[in-house]
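A structural walkthrough
Here is how the chains run, residue by residue.
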Amino acid sequence: MGGGDRRAGGPQDGRLTVDFVLTNVKVVRPGSAEPMDADIAVADGVIADVAPGLAAGAAEVVDGGGLLAFPGVVDAHMHFGIYNELSEDIRTESRAALQGGVTSGISYMRTGQYYLQKGGPYADFFPDVLERSAGNAFCDYAYHLAPIQASHIDELEDLIGDHGVTSFKIFMFYGGHGLHGRSDQQAEFLMTPPGERYDVAHFEFIMRGLERAIGRYPEIADVIS
């Protein structure tokens, strides 16, 4: 929860131009031993200020009934669209997330069985993911992606530069047997090109690809994960 600078009438009156003010709540904040009595002002769909006395003169005031107001939770690993069609699943899953206090989620996505049920390059796959997601989520969301086939490694820099993806997943089932059989028997499940293996060598090539991406985008090197 942070402050804002959306003010009406100039600095002389200090009033915020807000959509509404949530009042009569006890705000839980990091580092505070006890909840504080405060109002929450919302402007342009985001929290603009948290402080006592914001309700005076507000166009709309919502009574919080004396309940606790917690900061939104960020869920760093969600699964939109794994068992149901993505555009439908993201609606029900994000609604459930909000009911549990999750206001931002990072959903895992990959090519292969489940999800969109197709392989191929992310240049074709990910725009479809974004199109099916658009306008259907009730919470803020982002995606972290798994480079499944070798060609995906060459797409890492484009995924970062074109779509802002900075989080990538690597499965830890190399060598002998994995989640869906030996690494050389997973082509059907992962829908990878003939002859490719998801093994420890693939892990190394992904890390090399990310190293190249960091070299190209050093300004976000500290957020690539």
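Residues numbered from 1 in each chain as written. Predicted model: local features only at pLDDT ≥ 70, side-chain atom pairs only at ≥ 80, totals over all residues. Heavy atoms only, no water.

Quick look at the pairing of strand 9 (residues 102-109)
Note: strand 8 (residues 73-78) against strand 9, four bridges, orientation parallel. In the strand pairing of strand 9, Val74 is matched with Ser104. Each parallel crossover has a hand, and for strand 8 linked through helix 1 (residues 86-99) to strand 9 it is right-handed. In terms of strand pairing, strand 9 meets strand 10 (residues 140-145) through six bridges, oriented parallel. Counted as the bridge partner of Met109 is Leu145 from strand 10. In the classification by handedness, the crossover that spans strand 9, the intervening helix 2 (residues 122-133) and the parallel strand 10 is right-handed. (Pairing = 2+ DSSP bridges. Helix = DSSP H or I, 4+ residues; strand = E, 2+ residues; numbered from the N terminus. Right-handed = clockwise from strand over helix to strand, strands pointing away.)

Points about the nonpolar core
Ranked by size, the top nonpolar core spans 35 residues in total, and within it Met109, Phe126, Val129, Tyr143, Leu145 and Phe168 carry the most contacts. Residue assignment for this core shows that the elements contributing at least two residues are helix 1, strand 9, helix 2, strand 10, helix 4 (156-163), helix 5 (187-190) and helix 6 (200-216). Once residues within four sequence positions are removed from consideration, Tyr143 is found in contact with Phe80, Leu86, Ile90, Ile106, Ser107, Met109, Phe126, Val129, Leu130, Ser133, Val165 and Ser167. Counting seven residues, the second largest nonpolar core, distinct from the first, contains Val18, Val21, Ala41 and Leu54. (Core = buried A, V, L, I, M, F, W, Y, C linked by side-chain atoms within 4.5 Å. Buried < 20%, exposed > 50% of the residue type's maximum accessible area, 1.4 Å probe, protein only. Contact = heavy atoms within 4.5 Å.)

Let's talk about unusual backbone geometry
The backbone phi angle of Asp44 is positive, close to 55°, even though this residue is not glycine. Unusually for a residue other than glycine, Tyr115 sits at a positive phi of about 50°. Within the fold, Tyr115 resides in the loop between strand 9 and helix 2.

A short note on the confidence of the model for the protein
Of the residues in the protein, 87% reach a pLDDT of 70 or more, and the chain-wide mean stands at 87. Looking at the elements of the protein, mean pLDDT is at its lowest for strand 1 (residues 7-8), recorded as 37, and at its highest for helix 2, recorded as 98. This stretch, residues 1-13, has a pLDDT under 50; its non-local contacts, to residues over four places away or in other chains, come to 29 contacts. (pLDDT = per-residue confidence, 0-100.)

Concerning the pattern of salt bridges
On inspection of all chains with the given rule, the structure shows six salt bridges. As a salt-bridge pair, Lys26 and Asp37 come within 3.0 Å of each other at their nearest N and O atoms. Of the two residues, Lys26 sits in strand 3 (residues 20-27) while Asp37 sits in strand 4 (residues 36-43), which places them 11 residues apart along the sequence. Judged by its relative accessible area of 52%, Asp37 is exposed. Overlapping salt bridges bring together Glu85, Lys118, Asp128 and Arg132 as one network. (Salt bridge = Lys/Arg side-chain N within 4 Å of Asp/Glu carboxyl O.)

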